[in-house]
Amino acid sequence: MAPTHVLRCCQRGLAWIPVIFIALVVCWSYYAYVVELCIFTIPSIGEKIIYLIFFHLSFIMFVWSYWKTIFTKPANPSKEFCLPKAEKERYEKEERPESQQEILWRAATSLPLYTRTGAGAIRYCDRCQVIKPDRCHHCSACDMCVLKMDHHCPWVNNCVGFSNYKFFILFLAYSLVYCLFIAATVLQYFIKFWTNELPDTHAKFHVLFLFFVAAMFCISILSLFSYHLWLVGKNRSTIEAFRAPVFRTGSDKNGFSLGFRKNIAQVFGDQKKYWLLPVFTSQGDGLTFPTRLVNVDVEQATVTLHPEPNKSSADVPVSPLSESQNRLLSNEQHANNTGDHLANNTLKSAESETITISVESES
């Protein structure tokens, strides 16, 4: 037990090495730009002031978003996704997978779940002992289930998911701006030092090396940033880009795509004035997500029959749809020109019996 605990502590300590490396590079770049370039190399006072103002703006936003990405705790499934104590004991005692799945199916009837395993089973984490919400995955590095997990990033020593994905995107954006600004403003002095137009001073090494480091990081960050912008536009995580989520009707890589604008709003929120700030504005709670539903799922609707006055009524309740999925179903019905309302879809049979299908929203 003790060696395992010591090993785990060592692993957690070593995991901070990439973050410390980035912090040291950023601190050195600050010194090299502000002191060696602006103070000791640039002769024009006006040029110094302009460079320093824009440099500090990009530096502050870069550090702010990087800090939020690192220290925002990943969101985990709520208690409602844990098995009740009695069901949990039965699940652990069962040896047959079929019987275990029956227990999970009963527990999942009241949960807003729309994705399955590749075999069509309920997604359950034996490590965390929770039923996985949609888009939730277990991170072996963090040793926890993370809502809308995208990936585990060693450069922030944290799992990127629902709670900090916006911060991660902004971190990439502002780090790219930071590197581009440094490379663009240092270039002319890099050339002057390289061609010996400026005398050899202690600033020469810093300026030359600063340009190479900034250009190198620009290339690597640009590719990663472009890829994640594409993912945001498609409303996919990195995991879903490599393995499409499986719904009841089969796998669908575009199952969570709502259109470009709505996909952007899922990550950055509805209020555009907060898009560029590393404050949490993502839509939803991380447990349920709007989906593109082609057909009404009978397992996710409440059907109420209203016969003629002289006949008895019957209610057939099943798990209700989430509010976002109700909206999508309404759009689908409207696209099919049914002309029916979301709350009531009334059909009259030949015998004048009225059937009303009510789709209830989750609280």
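Cut-offs applied
- Residues numbered from 1 in each chain as written.
- Predicted model: local features only at pLDDT ≥ 70, side-chain atom pairs only at ≥ 80, totals over all residues.
- Heavy atoms only, no water.
- UniProt positions renumbered as here; feature names shortened; annotations may be inferred.
- Patch = residues over 30% accessible without salt bridge, like charges linked within 9 Å, V, L, I, M, F, W, Y side chains within 5 Å.
- Areas by Shrake-Rupley, 256 points an atom, 1.4 Å probe, with all protein chains shown as cover.
- Salt bridge = Lys/Arg side-chain N within 4 Å of Asp/Glu carboxyl O.
- Buried < 20%, exposed > 50% of the residue type's maximum accessible area, 1.4 Å probe, protein only.
- Helix = DSSP H or I, 4+ residues; strand = E, 2+ residues; numbered from the N terminus.
- Expected span 1.5 Å × (residues − 1).
- Contact = heavy atoms within 4.5 Å.
- Lys, Arg positive; Asp, Glu negative; His and termini not counted.
- Core = buried A, V, L, I, M, F, W, Y, C linked by side-chain atoms within 4.5 Å.
- Pairing = 2+ DSSP bridges.

- As annotated in an unreviewed UniProt entry, the protein chain is Palmitoyltransferase from Stegastes partitus.
- Turning to the protein chain, the UniProt record has this under Sequence similarities (unreviewed entry): "Belongs to the DHHC palmitoyltransferase family."

### Details of a nonpolar patch on the surface
- Side chains of Ile45, Ile49, Ile50, Ile53, Phe54 and Leu57 sit close together on the surface and give an oily, nonpolar patch of about 620 Å² of accessible area.
- Taking relative accessible area as the criterion, Ile53 reaches 48% and is therefore assigned partly exposed.

### Some remarks on helix α3 (residues 45-71)
- The first and last C-alpha atoms of α3 sit 38 Å apart over 27 residues, in line with the 39 Å expected at 1.5 Å per residue.
- Burial in α3 covers these residues: Glu47, Tyr51, Phe55, Ser58, Phe59, Met61, Phe62, Ser65, Tyr66, Thr69 and Ile70.
- Of the surrounding secondary structure, the elements contacted by the buried residues of α3 are α2 (17-39), β7 (158-160) and α6 (165-194).

### Regarding the side chain of Lys148
- Structurally, Lys148 can be placed in the loop between β5 (144-146) and β6 (151-153).
- Glu240 provides the closest opposite charge to the buried, salt-bridge-free Lys148, at an N-O distance of 7.1 Å.
- Beyond its immediate chain neighbours, meaning those up to four positions away, Lys148 contacts Arg135, Cys136, Val160, Gly161, Phe162, Asn235, Val267 and Phe289.

### Here's the deal with the nonpolar core
- Ranked by internal contacts, the top residues of the largest apolar core, which has 52 residues, are Tyr33, Phe55, Tyr165, Ile182 and Val186.
- For this core, the elements supplying multiple residues, two or more each, are α2, α3, α6, α7 (202-234) and α9 (260-268).
- Filtering out sequence-adjacent residues up to four positions away, Tyr33 remains in contact with Cys38, Tyr51, Phe55, Phe181, Ile182, Thr185, Val186 and Leu210.
- Listed in part, the 23 residues of the second largest apolar core include Ile103, Ile131, Phe162 and Phe289.

### Here's the deal with the side chain of Asn157
- Its location among the elements puts Asn157 in the loop between β6 and β7.
- Excluding residues that lie within four positions of it along the chain, Asn157 makes contacts with Ala15, Trp16, Val19 and His152.

### A word on α6
- Helix length check: α6, at 30 residues, gives a terminal C-alpha distance of 41 Å against a target of 44 Å (1.5 Å per residue), a fit within 8%.
- In terms of burial, α6 is a largely internal element, 22 of the 30 residues being buried.
- Note on α6: the residue one or two positions beyond its end, Asn196, has a positive phi of about 65°.

### Some details on the pattern of salt bridges
- For the coordinates displayed, the defined rule picks out four salt bridges.
- Here Arg135 ties to Glu240 by a salt bridge, and the two come within 2.8 Å at their closest N and O atoms. One end of the pair, Arg135, is in the loop between β3 (130-131) and β4 (137-139); the other, Glu240, is in helix α8 (residues 238-242), with 105 residues separating them in the sequence. The residues Arg135 and Glu240 share a single accessibility class, namely buried.
- Residue Asp200 pairs with Lys204 through a salt bridge whose shortest N-O separation is 3.0 Å.
- Judged by its relative accessible area of 57%, Asp200 falls in the exposed class.

### Here we look at the sheet that holds strand β9 (residues 250-251)
- Spatially, the three strands line up as an open sheet ordered β1-β8-β9, and their pairing is antiparallel. Edge strands, defined here as strands with exactly one partner in the open sheet, are β1 (115-116) and β9.
- Pairing of strand β8 (residues 246-247) with β9, which is carried by two bridges, proceeds in the antiparallel orientation. Looking at the pairing, Phe247 lines up with Gly250 of β9.

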